[in-house]
Amino acid sequence: MKVALVCPYAWDRPGGVQSHIRSLARALETRGHEVLVIAPRSGSIPPEPRLSLVGRSVPIPANGSVAPLAFGPLAARSIGVVLDDFRPDVLHLHEPLIPSLSFLALWRSRTPAVGTFHASATRSAGYQLAKPLLERAAGRLAVRTAVSEAARDLIERYISGRYDLTPNGVDPASFATAEPFDAGDGPKVLFLGRIERRKGLDVLVRAMARLRETGAELLVAGRGPGEKDAHRLAASLQVRARFLGYVDDATKARLFRRADVYCAPARGGESFGIVLLEAMAAGTPVVCSDIAGFRAVAGRAALLTPTGDPAALADAIRRVLDDDEMAARMTRVGSMTADAFSWERLVVNVETVFRTAIEEGTRHADRS
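Now for a quick tour of the structure. Owing to the predicted nature of the structure, the values given are computational and were not obtained by experimental measurement.

Quick word on empty space enclosed by the protein
- One pass over the structure, following the stated rule, counts one cavity of 30 Å³ or more.
- Considered as a void within the structure, the largest cavity measures approximately 30 Å³ in volume.
- If you go around the largest cavity, the residues you meet are Val203, Pro265, Ser289, Thr305, Pro306, Thr307, Gly308, Asp309 and Leu313.
- Residue composition of the lining of the largest cavity, grouped by class: four nonpolar, four polar and one charged.

Quick look at the nonpolar core
- Ranked by internal contacts, the top residues of the largest apolar core, which has 69 residues, are Leu5, Phe256, Tyr262 and Leu276.
- Excluding residues that lie within four positions of it along the chain, Phe256 makes contacts with Phe175, Leu190, Leu192, Tyr262, Val275, Glu278, Ala279, Ala282 and Thr284.

Here we look at the sheet that holds strand S3 (residues 51–56)
- Across the sheet, which stays open at both edges, the seven strands sit in the order S3-S2-S1-S6-S7-S8-S9 with parallel pairing between neighbours. Looking along the sheet, the strands with just one partner apiece sit at the ends: S3 and strand S9 (164–165).
- Judged from the five bridges that link them, strand S1 (residues 2–6) and strand S2 (residues 34–41) form a sheet pairing that is parallel. Paired with Leu5 across the bridge in S2 is Val37.
- Its contacts with the sheet put helix H1 (residues 16–30) on S1, S2 and strand S6 (90–94), and the angle it makes with S1 is roughly 170°.

A few points about unusual backbone geometry
- Not every positive phi belongs to a glycine, and Arg50 is a case in point at roughly 55°.
- Mapped onto the secondary structure, Arg50 falls in the loop between S2 and S3.
- One non-glycine residue, Glu95, adopts positive backbone phi at about 50°.
- Here Glu95 is to be found in the loop between S6 and helix H3 (101–108).

Section: helix H2 (residues 73–86)
- Taking 1.5 Å as the rise per residue, H2 with 14 residues should run 20 Å; its terminal C-alpha atoms sit 20 Å apart, in good agreement.
- Within the sequence span of H2, burial applies to Ala75, Ile79, Gly80, Val82, Leu83 and Phe86. The buried residues of H2 occupy an angular sector of 165° when projected down its axis, which confines them to one face. Opposite its buried face, H2 presents the exposed residues Pro73, Leu74, Arg77, Val81 and Asp85, each directed more than 90 degrees away.
- Where H2 is buried, its residues meet S1, S2, S3, S6 and H3.
- Two residues or fewer after H2 comes Arg87, characterised by a positive phi angle close to 55°.

With respect to the environment of Ser23
- Examined against the element boundaries, Ser23 turns out to sit in helix H1.
- Here the alpha-carbon distance between Ser23 and Asn168, two residues 145 residues apart in the chain, equals 9.1 Å.

Re the sheet that holds strand S11 (residues 217–221)
- Taken in spatial order, the six strands of this open sheet run S12-S11-S10-S13-S14-S15, and their pairing is parallel. The open sheet has two edge strands, strand S12 (241–245) and strand S15 (303–305), and neither has a second partner. Taken pair by pair, the neighbouring strands of this sheet meet at an average axis angle of 20°, ignoring direction.
- In this structure, strand S13 (residues 261–264) lies alongside strand S14 (residues 286–289), joined through three bridges in parallel fashion. Residue pairing for S14: Cys263 is matched across the bridge by Val287.

Quick word on H3
- For H3, the buried fraction is high: six of the eight residues fall into the buried class.
- Where H3 is concerned, the buried positions are Leu101, Ser102, Phe103, Leu104, Ala105 and Leu106.

Some remarks on the pattern of salt bridges
- The tally for this structure, following the rule as stated, stands at 21 salt bridges.
- A salt bridge links Glu217 to Lys188; the nearest nitrogen and oxygen atoms lie 2.6 Å apart. Placement of the pair is Glu217 in strand S11 and Lys188 in strand S10 (residues 188–192), with a sequence separation of 29 residues. For the pair formed by Glu217 and Lys188, the shared burial category is buried.
- Across the pair Arg223 and Glu227 runs a salt bridge whose closest N-O atoms are separated by 3.0 Å.

Re the pairing of S6
- Summarising burial for S6: five of the five residues are buried, a large majority.
- Alternating residues of S6 divide into Val90, His92 and His94 and Leu91 and Leu93, and every residue in both groups is buried.
- Sheet topology note: the S1/S6 ladder contains four bridges and is parallel. Residue pairing for S6: Leu5 is matched across the bridge by His92.
- Across four bridges, the pairing between S6 and strand S7 (residues 113–117) is parallel. Among the inter-strand pairings, Leu93 is bridged to a residue of S7, identified as Gly115.

Things to note about the packing of helix H11 (residues 274–281) against helix H14 (residues 324–340)
- For the pair H11 and H14, interaxial distance at closest approach is 8 Å and the crossing angle is 120°. By the angle class used here, H11 and H14 are oblique. Note on packing geometry: the crossing formed by H11 with H14 is left-handed. Counting all contacts with H11, which are made through Leu277, Met280 and Ala281, the residues of H14 involved are Gly334, Ser335, Thr337 and Ala338.
- The residue inventory of the contact of H11 with H14, partitioned by class, reads four nonpolar, three polar and no charged.

Definitions and limits used
- Residues numbered from 1 in each chain as written.
- Predicted model: local features only at pLDDT ≥ 70, side-chain atom pairs only at ≥ 80, totals over all residues.
- Heavy atoms only, no water.
- 1 Å grid on protein atoms, 1.4 Å probe; cavity = no way out; pocket = protein on both sides within 12 Å on 5 of 7 lines; lining within 4 Å.
- Points joined across faces, edges and corners; volume = space filled by probe spheres on them.
- Nonpolar A, V, L, I, M, F, W, Y, C, P; charged D, E, K, R; others polar.
- Core = buried A, V, L, I, M, F, W, Y, C linked by side-chain atoms within 4.5 Å.
- Buried < 20%, exposed > 50% of the residue type's maximum accessible area, 1.4 Å probe, protein only.
- Contact = heavy atoms within 4.5 Å.
- Pairing = 2+ DSSP bridges.
- Helix = DSSP H or I, 4+ residues; strand = E, 2+ residues; numbered from the N terminus.
- Axes fitted to C-alpha atoms, helices over the stretch in contact; angles between N-to-C directions.
- Expected span 1.5 Å × (residues − 1).
- Arc of directions from axis to C-beta.
- Salt bridge = Lys/Arg side-chain N within 4 Å of Asp/Glu carboxyl O.
- Parallel < 35°, antiparallel > 145°, perpendicular 65-115°, else oblique.
- Left-handed = near helix turned anticlockwise from the far one by under 90°.

As structure tokens, then:
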């Protein structure tokens with residue numbers, strides 16, 4: 001099967017959608033499919049196999065963050081040329097109704113299309129304002145899927161229809177076998193993500209100020225608009241914090257392997273939490289916010305805390321650091337959870353979705 005995976009976000013920016021597509025592409029290739037990833041870029045990117053870069057992204061505020069999107073007539077023409085040249089059997093469009101490459105491919109191509117929705121939020125002004133146009137666009141999708149119940153709840157609120165679940169996945173072996181990062185002695189608490197208010201790093205810094213007696217150091221991997229404020233807050237509270245900046249996938253796995261606790265204190269807007277699975281695959285106990293997207297993935301394996309509550313977060317981290325038996329139990333359950341979400345298992349369901357889309361496209365062509 002020839003599969004085109006279309007990413008709406010800049011390929012050279014970290015994000016859950018990009019991670020999902022990278023891992024899915026590898027899993028599909030392992031199964032013998034020919035895969036092409038089509039994505040925009042925000043800067044210069046070294047050549048990669050099975051990757052076609054289309055358009056330069058523009059940062060657009062969205063869902064409490066900034067989305068690097070590519071749109072306009074040049075991007076539309078370019079993605080048309082790439083699709084005409086590759087001639088896929090099926091299109092897999094991620095976030096197909098936002099103004100970026102997936103939406104352009106949906107309008108440009110007659111190839112059977114699967115649309116996968118990732119975003120989670122309490123509401124979407126964009127979906128509401130553009131509902132008539134988006135309903136027409138969604139009608140062109142042969143199959144609609146969502147990565148979680150939280151993501152399905154958001155899109156169903158505005159665009160009715162059937163949405164199958166196709167969860168995010170992880171490659172457990174790549175995390176379980178990584179060499180631990182050399183971060184020195186003492187317990188380490190890891191934050192990994194974009195540094196912005198939505199991700200809650202400030203809550204974690206305030207929690208760490210309550211954990212001085214543990215001797216734990218906070219490792220922060222990532223960049224974002226709140227980085228300077230996070231530096232200042234850590235300094236003002238005399239929190240031991242090491243800011244590592246952006247890290248690549250290999251270093252990310254090594255950080256998970258070294259950390260004693262991985263903490264995800266997000267305030268909301270998380271539909272799934274693939275990073276939780278990555279931490280669990282590495283054998284790292286997880287402490288995270290009690291939000292729907294995290295609860296569905298990590299409810300049995302993680303300690304869940306109320307959003308925006310530094311005291312509760314500190315208590316949960318302390319429990320993991322102080323109780324070796326609890327930490328070992330969390331590692332075991334986390335490893336089983338990560339295995340359940342391995343791409344080796346999940347890719348079979350994705351293949352079924354693709355075949356359904358192709359069959360639906362064939363029936364539609366016959367009726368025409």
